[in-house]
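# Per-entry structural report
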Amino acid sequence: MQQELTPIPCACRDAKRVYSTFHKAMNEEFDDFASLCLTNIKADDFELMLKLLAREFQSREDPDLMIVVYFSGHAEVSDRKLRLFFKNYDGQEGYFEANRIKEIFEHFSNRILLILDCCSAGRALNTASDITGLCSELSVLAACGPFQTAKYDENSSFFTRALCNSIEDILSYEDSFTLGNLLKYMKEKYHYTDVCVNR
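Quick look at the structure, then. Only a predicted model underlies this, so the values are computations on that prediction, with no experimental measurement involved. (Residues numbered from 1 in each chain as written. Predicted model: local features only at pLDDT ≥ 70, side-chain atom pairs only at ≥ 80, totals over all residues. Heavy atoms only, no water.)

## Things to note about the overall build of the protein chain
Note the cut-off: Secondary structure elements are taken from DSSP: a helix is a run of H or I of four residues or more, a strand is a run of E of two residues or more, and numbering for both begins at the N terminus. Radius of gyration here uses only the C-alpha atoms, and the compact-globule reference equals 2.2 Å multiplied by the residue count raised to the power 0.38. Burial classification: accessible surface area is computed with a 1.4 Å probe over protein chains only, and a residue below 20% of its type maximum counts as buried, one above 50% as exposed, and the rest as partly exposed. In what follows, a contact means two residues having at least one pair of non-hydrogen atoms within 4.5 Å. To measure how exposed things are, a 1.4 Å probe is used in the Shrake-Rupley method; for residues, cover is taken only from the protein chains shown.
The helix and strand tally for the protein chain stands at six helices and seven strands. Here the C-alpha atoms of the protein chain give a radius of gyration of 16 Å, agreeing with the 16 Å that 2.2 N^0.38 yields for 199 residues. Referenced to the eigenvectors of the C-alpha coordinate spread, the extents of the protein chain come out at roughly 50 × 40 × 30 Å. Across the 199 residues of the protein chain, 47% fall into the buried class. At a minimum sequence separation of 6, the contacts of the protein chain that also span at least 24 residues come to 69%. For the protein chain, the exposed area adds up to about 10,900 Å²; of that, 48% sits on carbon and sulfur atoms.

## A closer look at helix H5 (residues 158–172)
To keep it simple, the criterion reads: The span you would expect from a helix comes to 1.5 Å times its residue count less one.
Taking 1.5 Å per residue, 15 residues should reach 21 Å; H5 reaches 21 Å between its end C-alpha atoms and fits that length. Along H5, the positions that sit buried rather than exposed are Phe-159, Thr-160, Ala-162, Leu-163, Cys-164, Asn-165, Ser-166, Ile-167, Asp-169 and Ile-170. Here the buried face of H5 lies against helix H1 (11–26), strand E1 (66–72), strand E5 (111–117), strand E6 (137–142) and helix H6 (179–189). Looking one or two residues beyond H5, the residue adopting positive phi is Glu-174, at roughly 55°.

## Side note on the packing of aromatic side chains
Put simply, the rule is: Only Phe, Tyr and Trp rings are paired, with Trp represented by its six-membered ring, and only when their centres lie within 6.5 Å; those with planes under 30 degrees apart are stacked, over 60 edge-to-face, the remainder tilted.
Counted under the stated rule, the structure contains seven aromatic pairs. Ring centres of Phe-46 and Phe-96 lie 5.1 Å apart, and the angle between their planes is 80°; on these two criteria the pair is classed as edge-to-face. Note that Phe-46 is positioned in helix H2 (residues 43–58) and Phe-96 in strand E4 (residues 95–97), a separation of 50 residues in sequence. By relative accessible area, which is 6% here, Phe-46 ends up buried. Given a relative accessible area of 2%, Phe-96 falls into the buried group. Taken together, a centroid distance of 5.3 Å and an interplanar angle of 55° make the contact between Phe-71 and Phe-86 tilted.

Set out below in structure tokens:
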């Protein structure tokens, strides 16, 4: 039986804004060749994309390289794992378990930033905490805690709005672009206090 999910009207727009914001923030360090903004995709396509990125960058010897993965959409916790729902979700298939990021990037030695704008996003912090066998440094930036609901209006999600505004402010003030500084702007200037991070 097909399980209907309520459309999130701002999800595609949010993904495009995050892509554009990181493009501006990283400037010449932004890799156009390996940067994708995919919307309304199937779970298998998402997993394939991650595997291709892992294979492509595993051979690069660049200590400054960082992969950023952003997800906006529906999710739920099942068997203590965060399931991200994609276009083909039907109640049985069409989801991706966030902890699989560890397996896919097992031999990747650089930084990974996983940004989750979905309900129960904080559940993925466990994925980052349990880094046994993972060579890379995995950071998770979550829109809310493991038992919270991500909020949005017709224009954008509250989390993504605060995230992008904060990045743009950091750039305009020529402040240092660190995860700690980003959290500071999001909480203090934009009063987005639901945000969770593992480090």
